[in-house]
Amino acid sequence: MPLRICFIASEVTPLAKTGGLADVAGALAKYLHAAGHDIRLFMPLYGQIDRSTLEMWPVEFLQDLPLRLGSHSLRFSVHTARLPGASTMVYLIDCPKLFERATIYSNAPDEHLRFLALTHAALLSCQRMGFAPQILHCNDWHTALAPLLLKTVFAWDTLFKSTRSLLTLHNMGYQGVFSAADAADTGLETSLSRLDYYETSEGRVNPLKEGILHADHISTVSPTYAREIQTQDYGWGLDGVLRDRAADLSGILNGVDYEDWDPRHDRFLPKHYSPTQMANKAQLKQMLQQRLGLAVSDKRPLIGLISRMTLQKGFDLLFDALPALMAERDFDIAVLGSGEARYEEFFAELAHRWPHRVAFHRGYSDELSHWIEAGSDLFLMPSLYEPCGLNQMYSLRYGTIPIVRRTGGLADSVQHFDPQTREGTGIVFNDYDATGVSWALNTALDLYAQKVLWRKLVKNAMAQDFSWQRQVGEYETLYEQLLAQPRKPD
Ligand code: ADP
């Protein structure tokens with residue numbers, strides 16, 4: 001049955017992306033639309049969005065609309081455009097005062113206001129369009145107040161009378177907490193007392209927590225992460241509320257858009273390959289080594305790494321382990337990423353010390369990320385926690401063996417290779433410590449040296465299917481289940 005879905009996200013691939021949320025939003029919109037659903041996708045019209053190639057049309061009856069949030073009098077307009085690479089449309093909320101900033105996310109004092117405005121604007125647009133969503137799908141803290149808004153300031157409108165809300169948690173580490181002194185910015189007006197009392201009495205508003213408390217259902221981006229966040233180690237202080245809502249909490253692994261990520265036709269690559277035609281992978285490795293100034297060698301394993309550089313990604317484990325291993329064993333590393341200074345400095349120093357063995361490209365580059373996926377033999381993700389993770393799934397497709405820690409989506413998508421049974425798709429380590437990661441790297445390097453086993457491992461990896469087509473079916477089932485259930489009582 002075709003469904004009406006209002007989908008709100010702070011970033012959407014390929015228009016604005018800092019991480020996996022954008023990939024999920026873009027892919028879900030694209031595939032849900034292709035499956036025949038009426039999905040209305042809302043996101044901010046950021047200053048960063050390249051308008052030279054994007055054909056946008058103003059939505060006639062959604063221009064220069066007033067929006068009052070607390071003491072802020074804002075105005076917004078809505079433009080629509082075809083989401084590049086898809087046939088679905090996206091609604092872009094134009095409010096230059098909030099969205100024309102140097103970066104997609106900022107540490108500005110009005111950060112909460114920016115995304116509250118997005119959430120309100122999306123719901124107001126639904127009203128003006130006469131669009132009655134059956135599912136309101138919000139994502140992360142930015143849009144997590146939508147379920148509470150639906151129950152309060154928008155409750156009068158029968159348009160939303162059968163709407164069910166779903167909050168997808170892409171990362172518990174970001175909760176969007178702001179001062180209770182700004183609580184009126186939520187636009188809750190006379191319903192301000194509905195905000196969680198524990199938080200407001202401590203002087204805070206926690207948007208993510210509000211979403212968890214009020215959404216009809218909560219999903220996360222992998223089954224393991226859905227379990228992990230109910231524990232103190234992974235719950236970031238919200239494990240208690242998540243345990244309370246365990247019956248309404250599920251995990252759906254993200255998918256991969258194989259139109260973008262497949263070595264058979266990757267548009268960024270000068271050569272292509274497939275499980276039965278692997279010669280070009282070796283050539284791509286050589287080209288990558290040349291491009292990055294690494295020693296060109298077919299024999300030495302090359303380990304790729306592409307990441308935001310934050311605590312989450314587990315690089316602290318490498319501070320001692322990697323230099324020690326570099327001194328002991330033959331392998332090279334290609335690193336792409338940026339983030340916290342201590343990690344950037346670590347990789348910069350490593351590259352300085354071993355210029356022909358370590359390449360560090362500081363920054364963000366879609367193009368180089370595809371080259372690294374294709375040209376590397378191994379891919380390292382030693383994450384402290386990983387809600388889903390995408391690069392390990394890309395790596396599998398590219399025959400680039402992932403070395404991962406057993407957490408979140410990494411645990412759900414990579415199976416440790418057993419040389420006895422010859423089953424498995426990567427190298428998986430359990431303990432978050434230097435011994436664990438060193439063991440994993442050594443195991444991977446040993447396997448690389450055993451060509452018959454290695455070829456089998458690569459074959460297993462490349463046979464994996466994490467396509468969105470499959471995962472979208474899981475969201476459709478969840479939406480249907482939600483509609484069959486009564487709304488969560490207040
Ligand atoms: P997260 O959302 O925590 O950053 P994910 O693995 O879910 O982690 O998604 C990260 C996405 O961002 C992947 O598509 C990855 O390739 C991409 N990415 C991360 N850093 C960079 C970078 N420096 N250059 C290009 N792509 C990057």
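Further up the page is the structure itself.
Computed from a predicted model, the values in this text were never measured in an experiment.

1. Concerning the packing of helix α10 (residues 318-328) against helix α11 (residues 341-353)
Piece 1. One can describe the packing of α10 onto α11 by two numbers: an axis separation of 11 Å at closest approach and a directional angle of 10°. Classified by the interaxial angle, the pair formed by α10 and α11 is roughly parallel. On α11, the residues that touch L318, F319, L322 and P323 of α10 are R342, Y343, F346, F347, L350 and R353.
Piece 2. Its residues placed into classes, the contact of α10 with α11 shows eight nonpolar, no polar and two charged.

2. What to know about the sheet that holds strand β14 (residues 332-339)
Piece 1. The strand order β15-β14-β13-β16-β17-β18 describes an open sheet built from six strands, whose pairing is parallel. Because the sheet does not close on itself, it has two edges, and the strands there are β15 (358-362) and β18 (427-429). Strand-to-strand, the axes of this sheet are offset by a mean angle of 15°, without reference to chain direction.
Piece 2. Across three bridges, the pairing between strand β17 (residues 401-405) and β18 is parallel. If you follow R405 over to β18, its bridge partner there is F429.

3. Considering helix α17 (residues 468-484)
Piece 1. Along its 17 residues, α17 runs 24 Å from first to last C-alpha, staying within 8% of the 24 Å computed at 1.5 Å per residue.
Piece 2. The complete set of buried residues in α17 reads W468, Q471, V472, Y475, L478, Y479 and L482. Viewed end-on, α17 has its buried residues packed into an arc of 110°, placing them on one side of the element. In α17, the exposed residues that point more than 90 degrees away from the buried face are Q469 and A484.
Piece 3. On its buried side, α17 packs onto β1 (4-8), α1 (20-34), β7 (135-139), β8 (164-169), β11 (217-220) and β12 (249-251).

4. Notes on the nonpolar core
Piece 1. Counting residues in hydrophobic clusters, the biggest one holds 97 residues, and the most contacted among them are F42, M43, L92, L169, M172, I212 and Y479.
Piece 2. For this core, the leading source of residues is helix α3 (residues 111-129), giving ten residues.
Piece 3. Not counting residues up to four positions away in its chain, the partners in contact with Y479 are L3, I5, F7, L32, I135, H137 and L166.

5. Let's talk about the packing of aromatic side chains
Piece 1. In this structure the tally under the stated criterion is 17 aromatic pairs.
Piece 2. Ring geometry for F42 against Y91: centres 5.2 Å apart, planes inclined by 25°, an arrangement best described as stacked. A residue pair is termed long-range when its members are at least 10 positions apart, and F42 in strand β2 (residues 38-44) and Y91 in strand β6 (residues 89-94) qualify at 49 residues. Here the two residues F42 and Y91 agree in accessibility, since each one is buried.
Piece 3. Through pairs of rings, three or more aromatic residues link up here, namely F315, F319, Y343, F346, F347 and F360.
Piece 4. The cationic tip of R291 hangs over the ring face of W371; the distance from NZ or CZ to the ring centre is 4.6 Å.
Piece 5. The cationic tip of R397 hangs over the ring face of Y258; the distance from NZ or CZ to the ring centre is 3.6 Å.

What counts and what doesn't
- Residues numbered from 1 in each chain as written.
- Predicted model: local features only at pLDDT ≥ 70, side-chain atom pairs only at ≥ 80, totals over all residues.
- Heavy atoms only, no water.
- Axes fitted to C-alpha atoms, helices over the stretch in contact; angles between N-to-C directions.
- Helix = DSSP H or I, 4+ residues; strand = E, 2+ residues; numbered from the N terminus.
- Parallel < 35°, antiparallel > 145°, perpendicular 65-115°, else oblique.
- Contact = heavy atoms within 4.5 Å.
- Nonpolar A, V, L, I, M, F, W, Y, C, P; charged D, E, K, R; others polar.
- Pairing = 2+ DSSP bridges.
- Expected span 1.5 Å × (residues − 1).
- Buried < 20%, exposed > 50% of the residue type's maximum accessible area, 1.4 Å probe, protein only.
- Arc of directions from axis to C-beta.
- Core = buried A, V, L, I, M, F, W, Y, C linked by side-chain atoms within 4.5 Å.
- Phe/Tyr/Trp six-rings, centres within 6.5 Å; stacked < 30°, edge-to-face > 60°.
- Lys NZ or Arg CZ within 6 Å of the ring centre and 35° of its normal.

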